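Summary of structural features
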Amino acid sequence: MLRMIGIEMFKLRKRWMPYIMLLLLLATIIIPLLERYLSGATQAEALVLRDAMTSTFTSVSGLGIILVAILAASMTGAEYGWGTLRQTLARGTSRNKYLTAKLLAIVIVVSGGVLAAILVGVIANIITGTLIEGIIDWNGFTGYFFASLGRTLVMLAVYMSMAVFFAMLMRSYATGMAVTVAWYIGESTIIDLLSIGNGWWKEATGYFIGYNINNLMTMNAADLSIEAAPWWQSCVILLTYMIVILTAAYYLFRRQDITA
Amino acid sequence: MYDSPIVKTEGLTKRFGRASRQIVAVDDLSITVRRGSIFGFLGPNGAGKTTTIGLLLGLIRATSGLISLFGRDISQDLPSLLRRTSAVLENTSFYPYLTGRQNTEIFARMTGGVPDRRIDEVLETVGLQRRAGHKAGTYSLGMRQRLAIAVALLNDPALVILDEPTNGLDPSGIIEIRNLIGELGRQGKTIFLSSHLLHEVEQVCNHAAILNKGRVIAQGPVDELLHRGRMLRMRVSDVRAAVTLLKDVTWIKTIETAAARGIVRIAVDEERFPDVNEMLVKGGIRVLEMKKSEKSLEDFFLATIEAEKAAGAGNA
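Nothing here was measured: the structure is a model prediction, and the numbers come from that model.

Here we look at the overall build of chain B
Secondary structure summary: chain B contains 11 helices and 14 strands in total. By principal-axis analysis of the C-alpha atoms, chain B measures approximately 75 × 50 × 35 Å. Long-range contacts, defined here as pairs at least 24 residues apart, represent 67% of the contacts in chain B between residues at least 6 apart. Between the mean site of the 42 positive side-chain charges and the mean site of the 36 negative ones, chain B shows a separation of 4 Å.

Put into C-alpha cells, the structure is as follows:
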C-alpha cells in the first residue's frame, strides 16, 4: 500500500496543477492581509489572532472546496482519459488497493495544503498584526485553530469523495469536476428555495450537504450568533455522506468495465 | 511443451448495454492457448478481439463463461495471475507529463522487485534509450508502442498479451517487433498476439483462432489452417468442359475459374491430384499446367469471413 501511495505522490509531484492551486490559495489569504498592512489602519490596541484567522479559514474552506473538487477529479478521472488506468490494472494492481492508495494520496495532499495555507495565514497575521497593532492577543486561539482545522477537513473530505465518485462514474475528470462544483453551487440554491415557507421541506434542508457545510463555515467565521445546528451534528451528517459516497465509489470501481 | 493450457476460456460471453439495445461483443468463446505457443488472434475490426483481451486481464467483467490463466480461474486471485502476465494494450497511453523513463519507473515500482538496470535494458531493447528523457506526451504513436512493449517486458512475464503491437510502427519497427516476438517465443514465453496483419500472424504464430462477430469460426495450428486452404491450380485447354467434368465429383470441395486465362482452381486433398489429372485427360481435356497453390492465411481468413456472411444471409 505504501508503495502505491508513493507512486500516486510521485505522479502528483510532477504535475503543475497542485502547485498552482496552492499558490492561488495562498494568494487569497495573503492579499487581504497585505491590503490591510498597506492601508496602515489600526482598529484595536491588539490584534486578536482568533478573530483575524476567520478570514483565512473562510478562504481555505470556500475556495478549498472548488480546488479539492478539481484535484480529486483530476487525480481520478485523468487516468481514464490517458488510458493509464487500463495499463495499471492490467499489471495486477488490485482495484481496492488502487482506489485506497489514490484516496489516501489525495487526503495527504489536501491535508498538507490546508495545513500549509493556514500556517501561512497565522504567520502572515502575526507579522502584519505586529507591524500595525504591535501586540498579538493569543486568547482562545489554540482551541479555535484545531476545531476550525477539523471542521475544514471534514467539509473538504465530502467534496473530495464526491469528485472521486463522479470522475469514476463519468470516466472523465472534467465532467467529474463539473458535476461536483455544480452540486456545490446548485445545492445552495435549492436550500434557499426550500427555506422559503415553513413546511417539512424546510426541516429536510438540515440534512443537505450544503446546509451543514454552511453551518460549519459559519462556525469557522466565529459568528456563533447564527449557528443553526451543533457542530458535531453537522460533522456526523457530512461524514455519513462521505462514507456512503465512498462505499458507492468502491462498489462502482469493482464492477466497472475499463474499456479503451 | 504445448501441453498445459496457459489461457483457457469456456463459453465466454460479454454483452454491453441494456437488454433492449444489447451488443454481443464476445459470444460463447472457447479458446485454449498452450504453454510456449505463439497464438494469433485474428478478426476484422469490431470482431471482439480487444474485448476478449480486456476480459482475460480482468478489465472487463464477463457476462457468462469461464476464464483461466495458468490453469487457475481468474476470479480466484487475478492480481497474482496478472503479475505473471504482461500486456501491450491497443492505443496504450502513458502519463504525458512524465518522461518515458519515469513512466517505465512507475510501472516497475508497481510491479515490484524490478532493478534499475532492468529499466535500462528494456528501454534499450525497444530502442528508446535515446528518447527516454523526453516527455511521453511528445512521443509518436510508434514510440508509445515501443514504450508499452518496454513496460511489458519489465517483469519477465510467462505470458505476453499483445493487442495490435505493430500499430503505428514503421516497416523497420514492425520487423523489430516481429523478431522480438519470435525471440520471446524462443525463450519459452507464451504469446497471445491479436493482430489484423494476417501475414504477421502467418509468419510469427504457430497457433491461431479466427474471430468474427465475437465468435470463433476457426482455430488450430496455423499449418493446419493453411492446409484447409490448399488448392490445385490447373491451366487446361477447355475450362467449361473441365468444370462440367469435375463439378459432380464429391471429393472436390470448390471450383474456381479464370476462363479467359484457361485457369481452373479446385480445393482438393493432395493425394487426389493424380486422379484429377487422369479424369481430365480421359475426358479429352489437355492439361497444360498443374500446380499446387496454397492459400495464404489472409485468403483463408477472408474466405471464412465471406462464408460466415453468406451463411448469415442464408439464415436470414
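Section: the environment of Ala73(A)
Residue and element names in this part refer to chain A. Tracing the backbone through its elements, the reader meets alanine 73 in helix α3 (residues 49-82). Residue alanine 73 is classed as buried on the basis of its relative accessible area of 0%. Each C-alpha atom of the pair alanine 73 and arginine 36 lies 35 Å from the other, and the pair is 37 residues apart in sequence. Here alanine 73 is in contact with Val68, Ala78, Ala163, Ala167, Tyr173, Gly176 and Met177, once residues within four sequence places are set aside.

A closer look at the pattern of salt bridges
Residue and element names in this part refer to chain A. Under the counting rule described, the total for this entry stands at 16 salt bridges over all chains. Across the pair lysine 11 and glutamate 8 runs a salt bridge whose closest N-O atoms are separated by 3.1 Å. Taken together, the residues span about one helical turn, with lysine 11 and glutamate 8 both in helix α1 (residues 2-13) at a distance of three residues. Taking the relative accessible area as the measure of exposure, glutamate 8 reaches 2% and is therefore buried. One network of salt bridges, with partners in common, ties together Glu8, Lys11, Glu79 and Lys102.

Looking at the nonpolar core
The biggest cluster of nonpolar side chains holds 154 residues, and the ones touching the most others in it are Ile118(A), Phe253(A), Leu57(B) and Phe192(B). The element contributing the most residues to this core is helix α6 (residues 141-170) of chain A, with 18 residues. Non-local contacts of Phe192(B), meaning those with residues more than four positions away in its chain, are made with Ile31(B), Val33(B), Phe39(B), Phe41(B), Ile53(B), Leu56(B), Val160(B), Ile161(B) and Leu162(B). Residues Met234(B), Val236(B), Val249(B) and Ile285(B) belong to the second largest nonpolar core, which totals 15 residues.

A closer look at the environment of Gly113(A)
Checked against the element boundaries, Gly113(A) lands in helix α5 (residues 95-132). Distance in space between the C-alpha atoms of Gly113(A) and Pro18(A) is 8.8 Å, their sequence separation being 95 residues.

Section: the pairing of strand β2 (residues 23-34) of chain B
Residue and element names in this part refer to chain B. Bridge count for strand β1 (residues 5-16) against β2 is eight bridges, and the pairing is antiparallel. Directly across from lysine 8, in β2, lies its bridge partner threonine 32. Linkage of β1 to β2, two consecutive antiparallel strands, is achieved through a turn of six residues, within which glycine 17 is found at a positive phi near 90°.

What about the packing of α6(A) against helix α9 (residues 209-220) of chain A?
All names here are of chain A. The contact between α6 and α9 brings their axes to 9 Å, and the two run at 155°. In this view, α6 runs roughly antiparallel relative to α9, as classed from their interaxial angle. By crossing handedness, the relation of α6 to α9 is classed as left-handed. Touching Tyr144, Ser148, Arg151, Thr152, Met155, Val158, Tyr159 and Met162 of α6 are Ile209, Gly210, Ile213, Leu216, Met217, Met219 and Asn220, all from α9. Across the contact of α6 with α9, the residue classes tally to 10 nonpolar, four polar and one charged.

Topic: the sheet that holds β2(B)
All names here are of chain B. Spatially, four strands are ordered β2-β1-β4-β5 in an open sheet, and the strand pairing comes out antiparallel. Because the sheet does not close on itself, it has two edges, and the strands there are β2 and β5 (72-73). Of the pairings in the sheet, the one linking β1 to strand β4 (residues 64-69) comprises five bridges and is antiparallel in character. In the sheet register, threonine 13 faces β4, and the bridge partner there is serine 64. Sheet strands touched by helix α1 (residues 49-56): β1, β2 and β4. Its angle to β1, the strand with the most contacts, is close to 115°.

A word on a nonpolar patch on the surface
Residues and elements named next belong to chain A. A cluster of nonpolar residues, Ile30, Leu34, Tyr37, Leu38, Leu115, Leu119, Ile123, Ile127 and Leu131, forms a patch on the protein surface that exposes about 840 Å² of accessible area. Secondary-structure elements contributing two or more residues to the nonpolar patch are α2 (17-39) and α5. Counting residues per element, the nonpolar patch draws most heavily on α5, which supplies five residues. Take leucine 119: it is sitting in helix α5.

Rules behind the numbers
All chains use their own residue numbering, which begins from 1 and follows the written sequence. Whichever chain is written first is A, and whichever ligand is written first is 1; the rest continue in order. Local features are withheld for residues below a pLDDT of 70 in this predicted model, meaning they are given only at 70 or higher, and side-chain atom pairs are given and counted only at 80 or more; totals for whole chains, interfaces and linings count all residues. Only hydrogens and water are set aside; all other atoms, that is, all heavy atoms of the structure, feed into the side-chain values. Here a helix means four or more residues in a row that DSSP labels H or I, a strand means two or more in a row labelled E, and each is numbered from the N terminus. Two residues qualify as a contact provided that any one of their heavy atoms is within 4.5 Å of a heavy atom in the partner residue. When charges are counted, neither His nor the chain ends are considered; positive counts come from Lys and Arg and negative counts from Asp and Glu. Taken as the charge centre is NZ of Lys, CZ of Arg, CG of Asp or CD of Glu, depending on the residue. Note on classification: 1.4 Å probe, protein chains only; a residue is buried when its accessible area is under 20% of the maximum for its type, exposed when over 50%, partly exposed between these limits. Salt bridge, as used here, is a side-chain nitrogen of Lys or Arg placed within 4 Å of a carboxyl oxygen of Asp or Glu. Each nonpolar core is a collection of buried residues, namely Ala, Val, Leu, Ile, Met, Phe, Trp, Tyr and Cys, held together in the definition by side-chain atoms within 4.5 Å. Criterion used throughout: strands pair if DSSP finds at least two bridges between them. Geometry is summarised by axes, namely lines fitted to C-alpha atoms with helices restricted to the contacting stretch, and by angles between N-to-C directions that run from 0 to 180 degrees. For classification purposes, angles smaller than 35 degrees are called roughly parallel, those larger than 145 roughly antiparallel, those between 65 and 115 roughly perpendicular, and all remaining angles oblique. For any pair of crossing helices, the crossing counts as left-handed if the nearer helix is rotated counterclockwise from the farther one by less than a right angle, and right-handed if it is rotated clockwise. Note that Gly is not counted as nonpolar here; it falls among the polar residues with everything else outside the nonpolar set of Ala, Val, Leu, Ile, Met, Phe, Trp, Tyr, Cys and Pro and the charged set of Asp, Glu, Lys and Arg. Surface patches are drawn from residues lacking salt bridges whose relative accessible area is over 30%; two like charges belong together within 9 Å, two nonpolar side chains (Val, Leu, Ile, Met, Phe, Trp, Tyr) within 5 Å. All accessible-area figures derive from a Shrake-Rupley calculation using a 1.4 Å probe, and residue coverage is judged against the displayed protein chains alone.

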